[in-house]
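Understanding the architecture of this molecule
The primary structure of each chain is shown beneath.
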Amino acid sequence: MRQVPVVMHVRCPERLPEELYRLVLEQLGELSPVVQALPPTAALVDLRGALRYHGATAAHLGDVLRLRTVSRYGIDVRVGIGSTVTVATTASAQIPHPGGVLAIEPADVTDWLALLPVEDLHGIGPRHAAVLKRYGIDHVGMLAALPPATVQRMLGGKAGRTAVDRARGIDPRTVTPRLQPASATVRHRFPHDVLDGAPARSALLGLVVQLGAELRRRGQAARALTLTLSFAGGPKWEKTRRLTEPSAHEDDLRQLTYQMMDAAGLQRGRLTGLALRGEDLVDADQVAEQLSLDAARQARLTAESTADRILEKFGPGAIGPAATYRPAS
């Protein structure tokens, strides 16, 4: 008999220091060897083998986890349990603070999801929810009842198909054991000191392109960016700002990076190097793709995807913005 998946989604009450987050992951590892970190505040656990090993129900394991994290670290977690990643993640978000356990039985998934507001379904972001509500679709049950083709016309092909599947409790994603890096950094060192002008902006754009490509290669997205400027004589300037939504797209990274560069007010400062760091990284699969009515942005995203395939085939430097290229001397 095919075993029904049992997925646990664990949500911490706030962003944790990296060491404390790792301790929580260790507690999850004592329940099951299949743990997928979603730093800095969440994780997924595959409980199928763990239920037989511990001789306990999924809800009981959730209670055990809460007891351990509270008693050992003072952290009360919210634990959602379901047959898919979508159900488990949606369930954990329904638990009021400070913590608790909500287990949805496979036979109850459809009825439980149907009563939820559409914006509460994992993977439906605020923009998609707003579009659906404009058409009078305000509960998950209404979304689940629609033909996929209808929703695809509202939200776009892939997003529409995925929304209907998840509203019906269908989600083929599995828990992939992974402890993702918490950050990604790219650097540029100038061959000689420069002022904030074309060379500096060109190098900055190059870092944005490199960072975006690295994040997409990893399957991650950044919640925040940190820009570090190094000056002749040793001093440094550093600024961190958060993105409106997690992203690995050059459009979003470039806009925020340029804002930070402008905020530096360099005037006559002579730069020796730049560093750009993506922080609070999350699994890109956990980031809802929002509907965009900006045709120019969609064209740039398509070009970005094409460039990724070219880089994968031909290696670094095969393609990039013209502004980052310099003629050979």
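Residues numbered from 1 in each chain as written. Predicted model: local features only at pLDDT ≥ 70, side-chain atom pairs only at ≥ 80, totals over all residues. Heavy atoms only, no water.

To continue, consider the packing of helix H8 (residues 148-155) against helix H9 (residues 157-167). Put simply, H8 and H9 touch, their axes get as near as 7 Å, and they point 130° apart. Comparing the axis directions of H8 and H9 gives the class oblique. As H8 runs across H9, the sense of the crossing is right-handed. Within the contact between the two elements, H8 uses Pro148, Val151, Gln152 and Leu155 and H9 uses Gly157, Ala159, Gly160, Arg161, Ala163 and Val164. When grouped by side-chain class, the residues that make up the contact of H8 with H9 number six nonpolar, three polar and one charged. (Axes fitted to C-alpha atoms, helices over the stretch in contact; angles between N-to-C directions. Helix = DSSP H or I, 4+ residues; strand = E, 2+ residues; numbered from the N terminus. Parallel < 35°, antiparallel > 145°, perpendicular 65-115°, else oblique. Left-handed = near helix turned anticlockwise from the far one by under 90°. Contact = heavy atoms within 4.5 Å. Nonpolar A, V, L, I, M, F, W, Y, C, P; charged D, E, K, R; others polar.)

Right, let's talk about the pattern of salt bridges for a bit. The tally for this structure, following the rule as stated, stands at 13 salt bridges. Note that Arg66 is salt-bridged to Asp76, the shortest N-O span being 2.8 Å. Residue Arg66 is located in helix H3 (residues 58-73), and its partner Asp76 is located in the loop between H3 and strand E4 (78-82); the two are separated by 10 residues in the primary sequence. When its relative accessible area of 23% is taken as the criterion, Arg66 is described as partly exposed. The buried category is assigned to Asp76, whose relative accessible area is 15%. The partner of Arg218 in a salt bridge is Glu214, and the shortest N-O contact between them spans 3.0 Å. Here Glu214 and Arg218 lie together in helix H10 (residues 198-218), a separation of four residues that amounts to about one turn. One network of salt bridges, with partners in common, ties together Glu214, Arg217 and Arg218. (Salt bridge = Lys/Arg side-chain N within 4 Å of Asp/Glu carboxyl O. Buried < 20%, exposed > 50% of the residue type's maximum accessible area, 1.4 Å probe, protein only.)

Before going further, it helps to spend a moment on the environment of Ala43. For Ala43, the position within the fold is in strand E3 (residues 42-46). In the structure, Ala43 is positioned 36 residues away from Val79 in sequence and 9.9 Å away in space, judged by C-alpha atoms. Apart from the residues lying within four places of it in its own chain, the contact partners of Ala43 are Met8, His9, Val10, Tyr21, Leu25, Leu28, Gln36, Ala37 and Leu38.

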